Amino acid sequence: MTRRWPDLVVLELLTGVDDHESLSAAARTAGVAQPNASRMIKQLERQVGTPLLERKTTGATLTPHGRVLAHWARRLLVDATRLLEVAESLSTERAAELTVSASMTVAEHLMPRWLGLLREEHPDVGLHLHVRNSAVVFDEVSRGACEVGFVESPTVPPGLHSTTVAVDRLVVTVPPTHPWSRRRTPLSVAELAATPLVVREPGSGTRTTLDLALQEYERAAPLLELGSSAAVRTSVLAGAGPAVMSSLAIADQLRSGELRPVEVEGLNLGRRLRAVWRPPRQLTGPAGELVLLARRDARPSRAGRR
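Residues numbered from 1 in each chain as written. Predicted model: local features only at pLDDT ≥ 70, side-chain atom pairs only at ≥ 80, totals over all residues. Heavy atoms only, no water.

Caption draft 1: Expanded view of empty space enclosed by the protein. Evaluation of the coordinates by the stated rule reveals three cavities of 30 Å³ or more. Roughly 50 Å³ of volume is contained in the largest cavity. Lining of the largest cavity is provided by Thr105, Arg200, Thr206, Ser229, Val244, Met245, Ser246 and Ala249. Ranked by the residues each element gives to the lining of the largest cavity, the list is headed by strand S9 (residues 243-246), at three residues. Across the lining of the largest cavity, the residue classes tally to three nonpolar, four polar and one charged. (1 Å grid on protein atoms, 1.4 Å probe; cavity = no way out; pocket = protein on both sides within 12 Å on 5 of 7 lines; lining within 4 Å. Points joined across faces, edges and corners; volume = space filled by probe spheres on them. Helix = DSSP H or I, 4+ residues; strand = E, 2+ residues; numbered from the N terminus. Nonpolar A, V, L, I, M, F, W, Y, C, P; charged D, E, K, R; others polar.)

Caption draft 2: Geometry of the packing of helix H1 (residues 8-20) against helix H3 (residues 34-48). Contact geometry for H1 and H3: axes closest at 10 Å, N-to-C directions at 100°. Judged by the inter-axis angle, H1 sits roughly perpendicular to H3. For the pair formed by H1 and H3, the contact residues are Val9, Val10, Leu11, Leu13 and Leu14 on the first element and Ala37, Met40, Ile41 and Leu44 on the second. Here the contact of H1 with H3 is built from residues that sort into nine nonpolar, no polar and no charged. (Axes fitted to C-alpha atoms, helices over the stretch in contact; angles between N-to-C directions. Parallel < 35°, antiparallel > 145°, perpendicular 65-115°, else oblique. Contact = heavy atoms within 4.5 Å.)

Caption draft 3: Inspection of the packing of aromatic side chains at higher detail. Here the structure, examined in full by the defined rule, presents one aromatic pair. Ring geometry for Trp114 versus Phe150: centroids 5.6 Å apart, planes at 50°, classification tilted. Taken together, the residues span a long stretch of sequence, with Trp114 in helix H6 (residues 111-121) and Phe150 in strand S5 (residues 148-151) at a distance of 36 residues. Judged by relative accessible area, Phe150 falls into the buried class, the value being 0%. (Phe/Tyr/Trp six-rings, centres within 6.5 Å; stacked < 30°, edge-to-face > 60°. Buried < 20%, exposed > 50% of the residue type's maximum accessible area, 1.4 Å probe, protein only.)

Caption draft 4: Quick look at the pattern of salt bridges. Taken as a whole, this structure holds 14 salt bridges when the rule is applied. The shortest N-O distance in the salt bridge between Arg132 and Glu140 comes to 2.8 Å. For Asp211, the salt bridge is made with Arg219, and the minimal N-O distance between the two is 3.2 Å. The network of salt bridges with shared partners includes Arg207, Asp211, Arg219 and Glu225. (Salt bridge = Lys/Arg side-chain N within 4 Å of Asp/Glu carboxyl O.)

Caption draft 5: Broad picture of the nonpolar core. Core analysis: the largest hydrophobic core is formed by 26 residues, its most contacted members being Met111, Trp114, Val148, Phe150, Val165 and Leu290. At six residues, helix H12 (residues 285-305) tops the list of elements feeding residues into this core. In terms of nonpolar packing, the next biggest core, distinct from the first, is built from 20 residues, Met40, Leu52, Leu62 and Ala73 among them. (Core = buried A, V, L, I, M, F, W, Y, C linked by side-chain atoms within 4.5 Å.)

Caption draft 6: Summary view of the layout of surface pockets. Taken as a whole, the largest pocket holds about 830 Å³ of empty space. Considering the residues around the largest pocket, the lining is formed by 29 residues, among which Thr15, Asp19, Arg74, Val78 and Val131 are closest to the centre. Sort the elements by how many residues they give to the lining of the largest pocket and helix H4 (residues 64-91) lands first, with eight residues. Tallied by class, residues from the lining of the largest pocket come to 13 nonpolar, eight polar and eight charged.

Caption draft 7: Representation of unusual backbone geometry within the structure. Going from Pro279 to Pro280, the amide bond is cis rather than trans, its omega being 10°. With respect to the helices and strands, Pro280 occurs in the loop between strand S11 (270-277) and H12. Located in the positive-phi region is Glu21, a residue other than glycine, with phi close to 55°. Within the secondary structure, Glu21 is located in the loop between H1 and helix H2 (23-30). Taking the relative accessible area as the measure of exposure, Glu21 reaches 31% and is therefore partly exposed.

Caption draft 8: Structural detail: the pairing of S11. The buried fraction of S11 amounts to six of the eight residues, a majority that puts the element mostly inside the structure. Taken together, the three bridges between S5 and S11 define a ladder with antiparallel strand orientation. Residue pairing in the sheet places Phe150 in a bridge with Ala275 of S11. Pairing of strand S6 (residues 161-174) with S11, which is carried by eight bridges, proceeds in the antiparallel orientation. By the bridge assignment for S11, Arg169 is matched with Gly270. (Pairing = 2+ DSSP bridges.)

Have a look at this one:
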């Protein structure tokens, strides 16, 4: 039997639909014409033998099978991006290179600005960003695969140095149609623990924070385990079930009312976002500059939360 490998561009389209809930937006992001994008998705559906998109007049969303495939597509695209970065580094000489590994929430919502600030101050530095979950970030930092990592995890492995660069909090969230959105009393921690949730995969900082917060309670099995905050957000918006998500990832939906926060009595889901690196203690060069810029940039938001 001959194995047919899917084209990486169609996998990029698939994850783009997951992120933007629109095939046309996914096509623009991938640099593909809309008719070609539609044709490529249909070809992939024929190849795997199942519908992957639910096409609507207002856009497109992934089917349950499509979400599963998008989860694995993200992992493959991360490795493919790394391959291209390595290939570029073989042929390009720069005055300095900085490789950063960041957990997904930090990478999506904070890292673009931080890297932009560093680029303004050091335009000659070549920047490479790896988007991982926190467990993989720790591994890459420990192995020396990157100079500095940024994580959401509440704990840091022995042997690594760290500093807080920003703060965040997790929010229990549901769509307006969910019964929890109409509660007049806070949810108990035990109720939350006993409810099947849409969650991130093991190893993510968000998942680790939640697991530690609920470790003393009997837990229900997850409703869905997904590989990105965008996938979790899309599933909650579609009515799959409640989730506990970073306030950074759902700020727009909370402001618009598409999602509702649910108060949980006695549960503290605040967390620190950290930069981590290998010894020595003093982080220097572009990596040290990036950490300083991140801390300075986050100060107003920390003060505003007090």
